[in-house]
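Next come the chains, spelled out residue by residue.
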Amino acid sequence: MDLSYTPEEEDFRARLRDWLAAVLPALPPKPSPGDWPGRRAYDLGWQRRLHDAGYADVHWDGTPSLRLIFLEETEKAGAPYVGANFVGLLHAGPTIAAEGTAEQRARWLPPILRGEEVWCQGFSEPEAGSDLAALRTRAWRDGDDYVVTGSKIWTSHAEVADWCELLVRTDPAAPKHRGITWLALPMDAPGITVRPLRTLAGSAEFAEVFLDEVRVPVANRVGDENDGWRVTMVTLSFERGTAFAGEVVACRRVLAELAVEARKNGRWDDPALRRRLGRLNAEFRALWRLTQWNVSAAEASGAVPGAGGSVFKLRYSHARQGLYDAAAEVLGPDCLDLDRPWTLDRLSSLSYTIAAGTSQIQHSIIAERILGLPKGR
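Let us look at the structure shown here. (Residues numbered from 1 in each chain as written. Predicted model: local features only at pLDDT ≥ 70, side-chain atom pairs only at ≥ 80, totals over all residues. Heavy atoms only, no water.)

1. Comments concerning helix 7 (residues 245-265)
The end-to-end C-alpha distance of helix 7 is 31 Å, a good match for the 30 Å that 21 residues give at a rise of 1.5 Å each. Positive backbone phi, approximately 90 degrees, marks G266, located one or two places after helix 7. (Helix = DSSP H or I, 4+ residues; strand = E, 2+ residues; numbered from the N terminus. Expected span 1.5 Å × (residues − 1).)

Here's what the structure looks like:
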């Protein structure tokens, strides 16, 4: 498999670098981590700049290789991350682009690209986290609407979102994977209550969402009724495929900074620490190559990432935790100082083996879909 870039792709990289060098110095200061209304405005403003420069649609209309170059170069340049636009740009948007009708694509995709609307993800429930198909949020048909009652938890950016990609159970009598439907929920609909959740790191980018007989138009259904599990697998393939690619670049940058810090404070003299940093360097280099392989495979199979994304997600989440454990070793007692670099990142890294599918779930996907092993009982 060819992991190199074409001359056209390298030309795209050069033009993007030049644009980033020109626009980044003019950006306003970034809001504090806890100011989500401010961060929403900041993230939407960045998305609008991308749109006006012709880079907004690279996640959908560009090839997987162009998306990878875009993520690599923006991270290297220190450009703003997608932030509050994460679900819309990297999950819901690609899913609607792949599975939505022409009318749905025309309604929802342009506002995401122009930086006008934010999406959140309403998948997990208090009793259906890793076993997502066990969800209980109920939706029944009433004329041209679904009436939805239930609750969601760990709903990313719900407190500032305009729309939610929502999984509901539309046929309780069907086997659990076959009675699920994917809906686009307007977050201003009557009957919705949002309660932010504070994480270990002190941020509140997640929320509980309670739905009390919320009416959602049938026209907001993506895919067929009771076909939501298949549509969800498309969503999760994007989430586990290329959505973390920019973070691999960020981790490699942090690793280089750790080596510099270790040389400054004398911890570089510890051969065990040097070996640890060396192994992490090798692992992140391998993860970048795996990302390129997944992108090449996606191009060959129709631009939708496959089960190989689970291999990446499994290894990346553990490597990220290892990186910030090494950061704590480099910092020594200062690793308890929340104002020091990498301390909050270490706390947030603890969630990576849970978010976007637990490591146990990824092991099962790899065993069944890649290795062809029988399902566990």
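2. Structural notes on the environment of A259
Secondary-structure assignment places A259 in helix 7. Residue A259 is classed as buried on the basis of its relative accessible area, which comes to 14%. (Buried < 20%, exposed > 50% of the residue type's maximum accessible area, 1.4 Å probe, protein only.)

3. Digging into the side chain of T137
Residue placement: T137 occurs in the loop between strand 1 (119-122) and strand 2 (138-142). Within the local environment of T137, its side chain forms a polar contact with the backbone oxygen of S151, the two atoms lying 3.2 Å apart. Those residues in contact with T137, other than ones at most four positions away along the chain, are E125, V148, T149, G150, S151, K152, L167, V168, R169 and L211. (Polar contact = N/O pair within 3.5 Å; in protein donor to acceptor, adjacent residues only side chain to side chain. Contact = heavy atoms within 4.5 Å.)

4. Side note on the pairing of strand 7 (residues 206-217)
Of the strand pairs in this sheet, strand 3 (residues 145-152) and strand 7 are connected by 7 bridges, and their pairing is antiparallel. The partner of V148 across the bridge, within strand 7, is V214. Judged from the 6 bridges that link them, strand 6 (residues 192-197) and strand 7 form a sheet pairing that is antiparallel. Looking at the pairing, L197 lines up with F206 of strand 7. (Pairing = 2+ DSSP bridges.)

5. Concerning helix 3 (residues 64-76)
For helix 3, built from 13 residues, the straight-helix expectation of 18 Å at 1.5 Å per residue is met to within 8% by its first-to-last C-alpha distance of 18 Å. Most of helix 3 is tucked away: 12 of the 13 residues are buried. Within the sequence span of helix 3, burial applies to P64, S65, L66, R67, L68, I69, F70, L71, E72, E73, T74 and E75. Once helix 3 ends, the next one or two residues include G78, with phi positive near 80 degrees.

6. Here we look at the pattern of salt bridges
Pairs can form between side chains of opposite charge once their charged atoms are near each other. A full pass over the atoms with the stated rule returns 20 salt bridges. Linking R253 and E257 is a salt bridge whose minimum nitrogen-to-oxygen distance equals 3.5 Å. Placement of both R253 and E257 in helix 7 is noted, with a separation of 4 residues, approximately one turn of the helix. On the accessibility criterion, R253 (38% relative accessible area) is partly exposed. (Salt bridge = Lys/Arg side-chain N within 4 Å of Asp/Glu carboxyl O.)

7. Focus on the packing of helix 3 against helix 7
For the pair helix 3 and helix 7, interaxial distance at closest approach is 8 Å and the crossing angle is 35 degrees. Here helix 3 runs over helix 7; the crossing is right-handed. Contacts between helix 3 and helix 7 involve L68, L71, E72, E75 and K76 from the former and A245, G246, V249, A250 and R253 from the latter. Of the residues that constitute the contact of helix 3 with helix 7, the class distribution is 5 nonpolar, 1 polar and 4 charged. (Axes fitted to C-alpha atoms, helices over the stretch in contact; angles between N-to-C directions. Left-handed = near helix turned anticlockwise from the far one by under 90°. Nonpolar A, V, L, I, M, F, W, Y, C, P; charged D, E, K, R; others polar.)

8. So, the state of the cysteines
Applying the stated criterion to the full structure yields 0 disulfides. Lacking any disulfide linkage, C120 is separated from the closest cysteine sulfur, that of C164, by 3.7 Å. By relative accessible area, C120 is classed as buried at 0%. For C164, a relative accessible area of 3% translates into the label buried. (Disulfide = S-S within 2.5 Å.)

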